[in-house]
Amino acid sequence: MREMVTVLVIAVVAVALVVASLLRRARRGECLVVTRHRRIVRIASDSMTLAVPGFHEVLEWPTGETEIAIVVRAQAGDGQDVRVLATVSVAVDPPRVGTAYVDPRGVLHSALERKVADAIHVLSADRLLDTYDGLAVAIDGIRLGGLAGGVVTGVTIDEVDLLLRPEHPDLDG
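The structure reproduced in this document is the subject of the present report.

Here is what the cut-offs are and how they apply
Each chain has its residues counted from 1, running along the sequence as written. Note on the predicted model: pLDDT of at least 70 is required for a residue's local features to be given, and 80 or more for side-chain atom pairs to be given and counted; whole-chain, interface and lining totals, by contrast, use all residues. Calculation of side-chain values draws on the structure's entire complement of heavy atoms; hydrogens and water are dropped beforehand. Should DSSP find at least two bridges between two strands, the strands are regarded as paired. Here a helix means four or more residues in a row that DSSP labels H or I, a strand means two or more in a row labelled E, and each is numbered from the N terminus. Helix axes are fitted only over the stretch in contact, all axes being lines through C-alpha atoms; the angle between N-to-C directions runs from 0 to 180 degrees. In this scheme, a residue with accessible area under 20% of its type's maximum is buried, one over 50% is exposed, and one in between is partly exposed, where area comes from a 1.4 Å probe on protein chains only. In what follows, a contact means two residues having at least one pair of non-hydrogen atoms within 4.5 Å. For a helix, the expected span equals 1.5 Å multiplied by the number of residues minus one. Only rings of Phe, Tyr and Trp enter the pairing, Trp through its six-membered ring, and a pair is recorded when the two centres are within 6.5 Å. The plane angle decides the type: under 30 degrees is stacked, over 60 is edge-to-face, the rest tilted. Side-chain atoms within 4.5 Å are what join buried Ala, Val, Leu, Ile, Met, Phe, Trp, Tyr and Cys residues into a set we call a nonpolar core. For salt bridges, the criterion is a side-chain nitrogen of Lys or Arg within 4 Å of an Asp or Glu carboxyl oxygen.

Our focus in this paragraph is the sheet that holds strand E2 (residues 30-36). Strand order in this open sheet of three strands is E3-E2-E5, and the pairing throughout is antiparallel. A single partner strand is all that each edge strand has here, and the edge strands are strand E3 (39-43) and strand E5 (57-62). Going from strand to strand, the sheet's axes swing by 45° on average, the running direction of each strand aside. Two elements, E2 and E3, share four bridges in a ladder whose sense is antiparallel. Each residue of the ladder has a partner; that of Val33, found in E3, is Ile43.

Structure below.
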């Protein structure tokens, strides 16, 4: 009888450990999405859900605002080559059931780089840091679309570098 109780206790502990290893908990500022074949099949309604290996995958999705650091090299409207380092806050759209799962931070990062490059092309290099009509003002509030979308809610231009290049290709050294 004692052996049976010991085996039962070991079995219960083993099952509890397996179930605990299958539980996924959302970190602060994220929700969990359940995917099957990289398609979102449901959004976990609370901060914890069960992952069934081989059947579906549980992945994180940022909620609210997330900060994305970008580095963009582009030509300003006056022909100057510049490199801009910026930290951008984005209010990320919630995930949609039925859509393909993509890493929202990666998609938003690429979209931000394109939008910032487009804004740089319009502005002259000396106006990029302008408080009233500079780069930060040009991209603040824009909507980012695509597989993962959001709205820019804040922009900090960390650095703008003017890139010098020789006028003649034979001076590249």
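Picking up where we left off.
Moving on, we get to the side chain of His56. With respect to the secondary-structure elements, His56 resides in the loop between strand E4 (48-50) and E5. With a relative accessible area of 15%, His56 lands in the buried category. If near-sequence neighbours (up to four positions away) are discounted, His56 is found in contact with Val34, Thr35, Leu50 and Ala51.

Looking now at helix H2 (residues 104-122). The terminal C-alpha atoms of H2, which comprises 19 residues, lie 27 Å apart, in line with the 27 Å expected from a rise of 1.5 Å per residue. Among the residues of H2, those classed as buried are Pro104, Leu108, Ala111, Leu112, Val116, Ala117, Ala119 and Ile120. Tucked inside the fold, the buried residues of H2 contact E5, strand E6 (65-75), strand E7 (81-92), helix H3 (135-139), strand E8 (143-144) and strand E9 (150-163).

Attention now goes to the packing of aromatic side chains. Using the criterion set out here, one finds one aromatic pair in the structure. Note on Trp61 and Tyr101: the rings are 5.9 Å apart at their centroids and 70° apart in plane angle, and the pair reads as edge-to-face. On the criterion of sequence distance, the pair formed by Trp61 in strand E5 and Tyr101 in the loop between E7 and H2 is long-range, its members being 40 residues apart.

On to the nonpolar core, then. Core analysis: the biggest nonpolar cluster contains 34 residues, and Trp61, Ile70, Leu112, Ile120 and Leu135 have the highest contact counts within it. Counting only elements with at least two residues in this core, the list comes to E2, E5, E6, E7, H2, H3 and E9. A total of seven residues in this core trace back to one element, the largest contributor, which is H2. If we ignore the near neighbours within four places in the chain, the residues touching Ile70 are Val84, Leu85, Ala86, Val88, His109, Leu112, Glu113 and Val116.

Here we come to the pattern of salt bridges. Scanning the entire structure with this criterion turns up five salt bridges. Between Arg105 and Glu30 there is a salt bridge, with the nearest N and O atoms lying 3.1 Å from each other. A residue pair is termed long-range when its members are at least 10 positions apart, and Arg105 in helix H2 and Glu30 in strand E2 qualify at 75 residues. Of the residues examined, Arg105 reaches a relative accessible area of 32% and is grouped as partly exposed. By relative accessible area, which is 12% here, Glu30 ends up buried. Across the salt bridge formed by Asp93 and Arg143, the nearest N and O atoms sit 2.9 Å from each other. Remark: Arg143 occurs in strand E8 and Asp93 occurs in the loop between E7 and H2; sequence separation between them is 50 residues. With a relative accessible area of 18%, Asp93 lands in the buried category. Overall, Arg143 belongs to the partly exposed group, its relative accessible area being 46%.

Turning our eyes to something else, we now look at the sheet that holds E7. What links the strands of a sheet is backbone hydrogen bonding, and the strands pair in either a parallel or an antiparallel sense. The four strands are arranged E6-E7-E9-E8 in an open sheet whose pairing can be described as antiparallel. Strands at the two margins of the open sheet, each flanked by one partner only, are E6 and E8. As paired elements, E8 and E9 share two bridges and run antiparallel to each other. Paired with Arg143 across the two strands is Val151, which belongs to E9.

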